[in-house]
Amino acid sequence: MAERSEIPVFKNEPILVLVLGLVTCGLYMIYWNMKAAEVLNKVSGREIISTPVAVLAGCCVPLNVYFYYLAGQSLGDLGTMIGKADELKGKSTLLLVLGFVLSPVAAMIVQGHINEIYDQK
Amino acid sequence: MKSTTRSDSLPLDAGQARRSLLMATIGTVTIVASVLYAPWSQSGPVLCPLRLLTGLPCPGCGLTRSFCAMIHGDLQHAVTFHLLGPALFLAVIAGIPILFYQATTRRRISWWDRLLYSRRSGYLMAFALFAYHAVRLTMETLNGGLWRGMQASLVAKAWHTLVG
């Protein structure tokens, strides 16, 4: 697992993820997936989510579910980093379901937890 | 990022093998779903959550129909539905046996692994999707298709029901 200072900064208001996703007709979600994958990979210290998968997940429901399955795996490491290991591990199933039916909400949840990395710096 | 560097010579660990198997399964399910959904691909319900709610197309809108057309070897329609659909379809078809092979033998196919985990190919893909979607949105705005789509969306219908 990486040091906090090594994590690339990707801080956003979770509601902004939803708004920008709608305003840009989904284009922002591709960018968001790429940046979130970059942060989560760095947190885990291994390449769990590849960039091509992150890009395609932004426009393809089956891959989006896979993306949130991988994000759920990284959340455990993120939880350890921010001191909420048990809480975040329990959210992986929720992310998987939301990734299928309401992916912007899943993105908002992940963004909220990513923000906590920088809030506690 | 020293720990994310992938070695071509090392076999896949349990996690990587599981992820390869999962991706191969998702690819297989996508192809089987395209075969099954093909008769309804043009008359069936809207599957994209963004389009269903707002009427706005997402960058992947048309991929399902494009895959269904490719199943029948109809390249012309596949390109019409989504310009990148045929290339993605071929990538999925090629990727399924490779991913199954990697998952079952735990032997890494280095060129595939480099392609799948390459940042450059990811950025190239993102650029292609951004450019294609921007052109498609501009064309739909100019021919009025975007406005018609928004009027038929769930949000617009709910608005008309509530406001009258």
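Residues numbered from 1 in each chain as written. Chains lettered and ligands numbered in written order. Predicted model: local features only at pLDDT ≥ 70, side-chain atom pairs only at ≥ 80, totals over all residues.

Chemist: Would you mind showing me how to read the overall build of chain B here?
Modeler: Per the secondary structure count, chain B includes 9 helices and 0 strands. Listed N to C, the secondary structure of chain B is α-α-α-α-α-α-α-α-α in terms of helices and strands. Taking 15 Å as the expected radius of gyration for a compact globule of 164 residues, we find that chain B reaches 19 Å, considerably beyond that expectation. When the backbone C-alpha atoms are referred to their principal axes, chain B occupies close to 65 × 40 × 30 Å. Within chain B, the proportion of its 164 residues that are buried is 27%. In chain B, of all internal contacts separated by at least 6 residues, the share reaching a separation of at least 24 is 58%. (Helix = DSSP H or I, 4+ residues; strand = E, 2+ residues; numbered from the N terminus. Rg over C-alpha atoms; globule rule 2.2 N^0.38 Å. Buried ≥ 20, exposed ≤ 12 C-beta atoms within 10 Å, placed from the backbone. Contact = placed C-beta atoms within 7 Å.)

Chemist: What am I meant to see in the environment of Val17 of chain A here?
Modeler: All names here are of chain A. Inspection of the secondary structure assignment puts Val17 in helix α1 (residues 14-23). Distance from Val17 to Met29, taken between C-alpha atoms, is 7.7 Å for residues 12 residues apart in sequence. Residues within four places of Val17 in sequence aside, it is in contact with Asn12, Trp32, Pro104, Ala107, Met108 and Gln111.

Chemist: Any chance you could explain the packing of helix α1 (residues 14-37) of chain B against helix α3 (residues 63-71) of chain B here in plain terms?
Modeler: Residue and element names in this part refer to chain B. One way to put it is that α1 packs onto α3 with a least axis distance of 9 Å and a crossing angle of 80°. Here α3 runs roughly perpendicular to α1, going by the angle between their axes. Along the contact surface, α1 presents Ser34, Val35 and Tyr37, while α3 presents Thr64, Phe67, Cys68 and Ile71. When its residues are assigned to classes, the contact of α1 with α3 shows 5 nonpolar, 2 polar and no charged. (Axes fitted to C-alpha atoms, helices over the stretch in contact; angles between N-to-C directions. Parallel < 35°, antiparallel > 145°, perpendicular 65-115°, else oblique. Nonpolar A, V, L, I, M, F, W, Y, C, P; charged D, E, K, R; others polar.)

Chemist: What should I look at first to understand the confidence of the model for chain B in this one?
Modeler: Do not read the fine detail of predicted coordinates wherever pLDDT is low. All names here are of chain B. When pLDDT is averaged across chain B, the result is 87; 95% of the residues are at 70 or more. Taking the mean pLDDT of every element in chain B, the minimum, 83, falls on helix α2 (residues 49-54) and the maximum, 94, on helix α5 (residues 85-105). Scored as a complex, the prediction yields pTM 0.86 and ipTM 0.81. (pLDDT = per-residue confidence, 0-100.)

Chemist: Would you explain α3 of chain B in this entry?
Modeler: Working note: α-helix, 3.6 residues per turn, so residues spaced by three or four point in the same direction. Residues and elements named next belong to chain B. Among the 9 residues that make up α3, 8 are buried, leaving the element largely enclosed by the rest of the structure. If you check which residues of α3 are buried, you get Leu63, Thr64, Arg65, Ser66, Phe67, Cys68, Ala69 and Met70. For α3, the secondary structure elements touched by its buried residues are α1, α4 (75-81) and α5. After α3 finishes, the residue Gly73 shows a positive phi value of roughly 75°.

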